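# Descriptive analysis of the structure
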Amino acid sequence: MLVAALILFALQTAYHLYQTRKMIEQDAIGRLENHSLVLKEAVERRLAAINATLLHLRQTASAKMASKESRDAAVQEIGDLLNILNSVRTLSVLNADGTVIASNRSELIGQNFAQREYFGALKKQPRPDRLHVSPPFTTVMGVYTMNVVRPIYDRQGAFAGIVSATIDVVNLGKLIEAMHPSEGTRLSVNHGDGTLLVLVPESANAKPGTNVNKPGTFFRRHVESGQPDSLMHGVSGMLGVDSILSMRTLQPAELGMDAPLMITAAHKLDDILAPWYEQLYGRAALFLLVAAALTVALHLYQRQAGRARDVLAALIAAFPDGVVVRNQAGDIVLSNEQARAMLGPEALAERLRAVADGAGPQHAEIQFVDATGAKRWAELLSAPLAWEGAPGVAVSIRDITERKIGEEQLGKLVKAVDQSPESIVFTDLDGTIEYVNAAFLSISGYTWDEVIGQNPRILQSGETPPERFREMWASLSAGRPWRGEFINKRKDGSLYLEQASIVPIRQADGRITHYVAVKLDVTDLRRNERELAAYRDGLERLVGERTTELAAAKEAAESANQAKSSFLANMSHEIRTPMNAILGLTYVLLQGDLAADQADKVNKVAGAANHLLQIINDILDLSKIEAGKLQLEEMPFSPGELIHSVANMIRDRAAGKGLTLTVDAEELPWSLLGDEMRLRQVLLNFSSNALKFTEHGCITIAGRVLAEQDGMVECRFSVSDTGIGIAPGEIERLFKPFEQLDNSTTRRYGGTGLGLVIARHLARLMGGDVGVDSIKGTGSTFWITTRLRRAAGEPRVVAEPSDRLRMIGRVLLAEDEPTNREIGCVLLNNVGIEVVAVGDGAAAVEEVRKGKIDLVLMDLQMPVMDGLTATTWIRALPAGGHVPIVALTANAFPSDRERCLQVGMDDFLAKPVEPDALYATLARYLQVIVPLRSGGARSEPPPVIDPGELVAELQGVRALLATGNSQAGRQFEKIRAAIRQRFPDDSRRLSRMIELYNFEPALVLVDELLSRLADDPGK
């Protein structure tokens, strides 16, 4: 009995150790094959990216060699491409002589590499589809690397050079380190000739550059096998000890590599089996201990049979697995704690019925529920033994739950294969079918018995090209997977298109024993693709036709738009030319001595002309907006000064209607960057509307800061009135072109309805918007918001009014229209300028040739020679190179300004020319002198005002200031000279405050002056 127990224990121990070693080896092999496969795929992806880059460079190489500019562009492009490639150190383009013409490394450009192996190999045997993989080498800089190269051909098909990528071995090593699985495993990449490119981690037995293509090496065994993947055991030259090694050949057909790369994952066998050796030594020690114990027990049994049972029980208790001994009657006479804990003491006998017959060795597997309620599996092994002189049986019990779980998962995998919607076929190496799944039977129409043992050629229809089968068998015979499509025939004779992926199945020793094919019926898919392609072609034709139609329509629209722009430009010129005469002559008349009724009539003419000019400007602005050509300037200006200037422009008209005009601009910053003229245009439109619709009360022009961030200031400018107001439902109509709230023939208020439309567009160009808050019968507030940047410099200084301005200079006026020439002479003479007037461009060129011209005012459209041509001639003269030339034109479009500046003009004035704008422009180029009063060297003494009368007049000014009445400025003008005579410094301060509508500090200063006059009436 003791001998039987010992044999049973030995069998059980040996079986367990065998299963454990097999499981450890299979697990290690699986991990190694996964490591080598992952590394192969990662390197293949990088090679594919490098190949795509080389193909792209090759396609454009001829253009890159054409000129220095194209080569410089190629260098820039190569630098951009290199940024997206992780494993390339250098990208270069070499010409047919081997000279580098473009590279990301500037030091290589101009060097010749014709003696390099990779250049000579491709020049000697150029093939368009060839990707040359050079053997690894060390550069002159001591860098170990490898080149991947594509040949370049000219249009005649002759060799024209190469495009080359130098592999960054250090980066490749980092890639391998990133996927390094565990200590003891080494990953490597070798060239197809056996030269080691990179090894991680490094080994003293194999350094980069070592050639391992020697008889008996793993590398030679893999190459000679002709298989793409190998699994080998033996002594590794890379590790120097007995190892398991997985090696894969990397040479995808689509890349056209002329030499493969070998990917290897290796692990020391001792490291793999280290846990198994621990179990082996432990089990061996246990077996020896049990054998010794049994020997002692046998000896004692022979001496003392009564003690044998106790000894056997002690030995059974030491077994790692459960052990039960049953007598001939089936009763359990001995059991250890492991058996009772596993199967339960109460159910132990019941669960052993599977091996109740003790006639011979038996094996059974049972399922049971353990003490925690979980379902588990046990393996029962029984052997007969003699118990107290009668037959008995010994049973070992092992928990095999983990194994059963694995088998269950394998069963699920089998079910998944069988239930897959794709056809799956297993064949031997001769193509004999050993297994098909249900999908295959459903698609082909055959039964299981009809296909098992047959060859897949039973599906052939005769319409698949024969070369496709040759390609398939060539690939499978070489151990490579194959993918393609077959035109197959079902059992009923109907044809179908099938896409197949066929893969060789390898055993642990690397042998290919079977093929598995996964096939998909793509008949409907290909038909849908053809229908989609036909639809796409039809759609492309339709798109092409529509594109042609749209291009023709666009051309017609652009032509019409150009005609419209030309018409507007001509109309602008034709209207502005007489307008210049009208406004100029009215200005000249108003400078003379006119009777009151004459001055009134001339003022009305000037007002009507300015109104007409505003309508023209609005129409031109609207046309620019519609064409998207309205642009803003960005110059420093003072927003506070801008508000006060607008107030000054409407002050007299407000006073004439008895309206109080106030200004609130204290919160605004001193200087901003923006288009002062366009912002003034908006505020003046708001203010003019306020004057038009307000009969009594007040008008307030205000500005304040809403927010400021990162140097951008958001401001809100507004004009409020106490006029007729607007109903809420009518507000939106205000911002539509040509819309007015009253369009009847009896309407009271005029206007074109364009001002607010233009204002909204200008506001949006300034990063803001416009709007109105209004109550019918109470009044309105029109506002504009802007986003402007703070100015670093000072705002532009507005020129002095013309009545206080004098200049020194000799100005040439080139103007063909006599009336405009006369007006120009008067305006220039009024500020002391000497004028030379001519009627065409040729005469202007001649005058400049004579010299002594300080500035030229040049009309653009003139007979004999136009202004642009004349400017070109003047700039070619020795005396005309630096003379300022200012354009005078009735064409007010931005393109006209650009043409003027392109030919060398310095500035631009649009007709009709406003005197203040003319003088401001001249002041930038001519010398301005301190003005004289009344045309004499000495001004007349101010009139003498009685102190009491002065106090009364000053109190009148105070009353107007206190109510915010804009008439305060007019009242102060009457006593300005008297105040200046008594209080010169305070007079200047008070005058400035009133001009800027700073009425509160002005009140404080007036009270101070009144107090000083009261203390000293004789002052």
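The numbers attached to residues start from 1 for each chain and follow its sequence in the written order. In keeping with the predicted nature of the model, local features appear solely for residues at pLDDT of at least 70, side-chain atom pairs appear and are counted solely at 80 or more, and the whole-chain, interface and lining totals rest on all residues. For the side-chain quantities, the full set of heavy atoms in the structure was used; hydrogens and water were omitted.

All right, on to the environment of Asp664 then. By the criteria applied, helices consist of DSSP H or I runs no shorter than four residues and strands consist of E runs no shorter than two, each listed in order from the N terminus. Within the secondary structure layout, Asp664 lies in strand 24 (residues 660–664). Along the primary structure Asp664 and Gly703 are separated by 39 residues, whereas in three dimensions their C-alpha atoms are 6.4 Å apart.

Sheet topology places strand 24 next to strand 26 (residues 698–709); five bridges connect them, and they run parallel. Across the sheet, the residue bridging to Leu661 is Ile699, located in strand 26. At least two bridges found by DSSP between two strands is the condition for calling them paired. Sheet topology note: the strand 26/strand 27 (residues 712–721) ladder contains 10 bridges and is antiparallel. Directly across from Ile699, in strand 27, lies its bridge partner Asp721. Connecting strand 26 to the antiparallel partner strand 27 that follows it, the hairpin turn spans two residues, and Asp710 within it adopts a positive phi of roughly 55°.

Only centres within 6.5 Å qualify two rings of Phe, Tyr or Trp (six-membered ring in Trp) as a pair; their planes then separate them into stacked at under 30 degrees, edge-to-face at over 60, and tilted for everything else. As enumerated under the stated definition, the model contains eight aromatic pairs in all. Measuring from ring centre to ring centre gives 5.7 Å for Phe426 and Tyr435, while their planes differ by 65°; the resulting arrangement is edge-to-face. Ring-pair connections join several aromatic residues into one group, and the members of that group are Phe426, Tyr435 and Trp448. Charge over a ring is defined by NZ of Lys or CZ of Arg lying within 6 Å of the ring centre and within 35 degrees of the ring normal. Above the face of the Trp377 ring, Lys404 is positioned so that its terminal group lies 4.3 Å from the ring centre.

A separate point is the layout of surface pockets. In this model, the second largest pocket occupies a volume close to 1000 Å³. Put plainly, a pocket is an open set of points on a 1 Å grid over the protein atoms alone with protein on both sides within 12 Å along at least five of seven lines, a cavity is a set where a 1.4 Å probe fits but cannot get out, and a lining residue has an atom within 4 Å of a point. Around the second largest pocket, the lining comprises 35 residues; the ones closest to its centre are Lys40, Pro228, Gly479, Arg480 and Pro481. Elements supplying a minimum of two residues to the lining of the second largest pocket: helix 1 (2–59), helix 6 (218–225), strand 11 (242–250), helix 14 (466–477), strand 20 (482–489), strand 21 (495–506) and strand 22 (512–521). In terms of residue count, strand 21 provides more of the lining of the second largest pocket than any other element does, five residues in total. Each residue gets one label: Ala, Val, Leu, Ile, Met, Phe, Trp, Tyr, Cys and Pro are nonpolar, Asp, Glu, Lys and Arg are charged, and the others, such as Gly, are polar. Broken down by class, the residue content of the lining of the second largest pocket amounts to 17 nonpolar, nine polar and nine charged. Grid points are joined across faces, edges and corners, and a volume is the space filled by probe spheres set on the points.

By the bridge criterion, three bridges tie strand 18 (residues 423–428) to strand 19 (residues 433–436) in an arrangement that is antiparallel. Bridging from a neighbouring strand, Val425 pairs with Val436 of strand 19. Counting the residues between successive antiparallel strands, the hairpin from strand 18 to strand 19 contains four residues, one of them, Gly431, with a positive phi of roughly 90°.

Next up on the list: empty space enclosed by the protein. Evaluated as defined, the whole model comprises two cavities of 30 Å³ or more. As a volume, the largest cavity reaches approximately 90 Å³. Around the largest cavity, the lining residues are Val43, Arg46, Leu47, Ile50, Ser87, Met146, Ile167, Leu172, Val189, Leu197 and Leu261. A total of four residues in the lining of the largest cavity trace back to one element, the largest contributor, which is helix 1. Looking at the lining of the largest cavity residue by residue, the class counts come to nine nonpolar, one polar and one charged.

One turn of the α-helix equals 3.6 residues, which is why residues spaced by three or four share an orientation. The end-to-end C-alpha distance of helix 18 (residues 676–693), which contains 18 residues, comes to 26 Å, matching closely the 26 Å that a straight helix rising 1.5 Å per residue would cover. Only protein chains enter the accessibility calculation, which uses a 1.4 Å probe; a residue whose area is less than 20% of its type maximum is buried, one above 50% is exposed, and one in between is partly exposed. Listing the buried residues of helix 18 in full gives Glu676, Arg678, Leu679, Val682, Leu683, Asn685, Phe686, Ser687, Asn689, Ala690 and Leu691. Two or three places before Met677, at the opening of helix 18, Asp675 has a side-chain oxygen 3.3 Å from that residue's backbone nitrogen. An expected span of 1.5 Å times one less than the residue number is assigned to each helix. Counting of polar contacts relies on pairs of N or O atoms within 3.5 Å, with two restrictions inside protein: one atom must be capable of donating a hydrogen and the other of accepting it, and residues adjacent in sequence are counted only when both atoms are side-chain atoms.

What follows covers the environment of Ala879. Assignment of secondary structure puts Ala879 in the loop between helix 22 (867–876) and strand 34 (885–889). On the basis of relative accessibility, which here comes to 39%, the residue Ala879 falls in the partly exposed class. Between the C-alpha atom of Ala879 and that of Lys852, which follows or precedes it by 27 residues, the distance is 8.6 Å.

Attention now moves to the pattern of salt bridges. For salt bridges, the criterion is a side-chain nitrogen of Lys or Arg within 4 Å of an Asp or Glu carboxyl oxygen. If you walk through the whole model with that rule in mind, you get 31 salt bridges. The closest approach of N and O atoms between Arg130 and Asp258, which form a salt bridge, is 2.9 Å. One end of the pair, Arg130, is in the loop between helix 4 (117–124) and strand 3 (132–133); the other, Asp258, is in the loop between strand 11 and strand 12 (261–268), with 128 residues separating them in the sequence. Since its relative accessible area comes to 31%, Asp258 is described here as partly exposed. The closest approach of N and O atoms between Glu846 and Arg849, which form a salt bridge, is 3.4 Å. Here Glu846 and its partner Arg849 are both found in helix 21 (residues 841–850), three residues apart, which amounts to about one turn of the helix. Salt bridges sharing partners connect three or more residues here, namely Glu365, Glu379, Arg403 and Lys404.

Reading across the sheet, the five strands line up as 19-18-22-21-20 and stay open at both edges, with antiparallel pairing between neighbours. Each of the sheet's edge strands pairs with one partner strand only, and the pair in question is strand 19 and strand 20. On average, each strand axis in the sheet is inclined to that of its neighbour by 30°, with strand direction left out of account. The sheet contacts of helix 14 involve strand 20, strand 21 and strand 22, and relative to strand 20 the element is tilted by about 140°. Interaxial angle, 0 to 180 degrees, is taken between N-to-C directions of lines fitted to C-alpha atoms, where a helix line uses only the stretch in contact. Only heavy atoms matter for contacts: two residues are in contact if any of them lie within 4.5 Å across the pair.

Within the element layout of this structure, Thr145 appears in strand 5 (residues 144–145). A polar contact of 2.6 Å, which involves the side chain of Thr145, links it to the backbone oxygen of Ile167. Thr145 has contacts with Pro136, Phe137, Thr139, Thr166, Ile167 and Val169, leaving out every residue within four places of it along the chain.

Attention now moves to the environment of Ser720. Checked against the element boundaries, Ser720 lands in strand 27. In this view, Ser720 contacts Cys698, Ile699, Thr700, Ser780 and Thr781; residues no more than four positions away in its chain are not counted. Within the structure, Ser720 has its side chain in polar contact with the side chain of Thr781 (distance 2.8 Å).

The next point concerns the UniProt feature "modified residue: 4-aspartylphosphate" (unreviewed entry) in the protein. UniProt positions are given in the numbering used here, feature names are shortened, and annotations may be inferred rather than shown by experiment. Taking the UniProt record as the reference, the feature "modified residue: 4-aspartylphosphate" (unreviewed entry) is found at Asp859. Tracing the chain through its elements places Asp859 in strand 33 (residues 855–859). For Asp859, a relative accessible area of 4% puts it in the buried group. Discounting chain neighbours no more than four positions away, the residues touching Asp859 are Ala814, Glu815, Asp816, Gly867, Leu888, Thr889 and Lys911.

The next subject is helix 28 (residues 999–1015). Between the first and last C-alpha of helix 28 there are 24 Å, a value that for 17 residues agrees with the 24 Å anticipated at 1.5 Å per step. Listed as buried for helix 28 are Phe999, Ala1002, Leu1003, Leu1005, Val1006, Leu1009, Leu1010 and Leu1013.

Reading across from one edge, 32-31-33-34-35 is the order of the five strands in this open sheet, with parallel pairing throughout. Unpaired on one side and paired on the other, strand 32 (834–838) and strand 35 (907–910) mark the two borders of the sheet. Adjacent strand axes in the sheet meet at a mean angle of 20°, parallel and antiparallel pairs treated alike. Across four bridges, strand 33 lies against strand 34 in parallel orientation. Considered in strand 34, the bridge of Val856 is made with Ile885. Helix 20 (residues 818–829) rests against strand 31 (810–814), strand 32 and strand 33 of the sheet, and its axis sits at about 170° to strand 32. Helix-sheet contacts for helix 22 involve strand 33 and strand 34, and the interaxial angle to strand 33 is about 150°.

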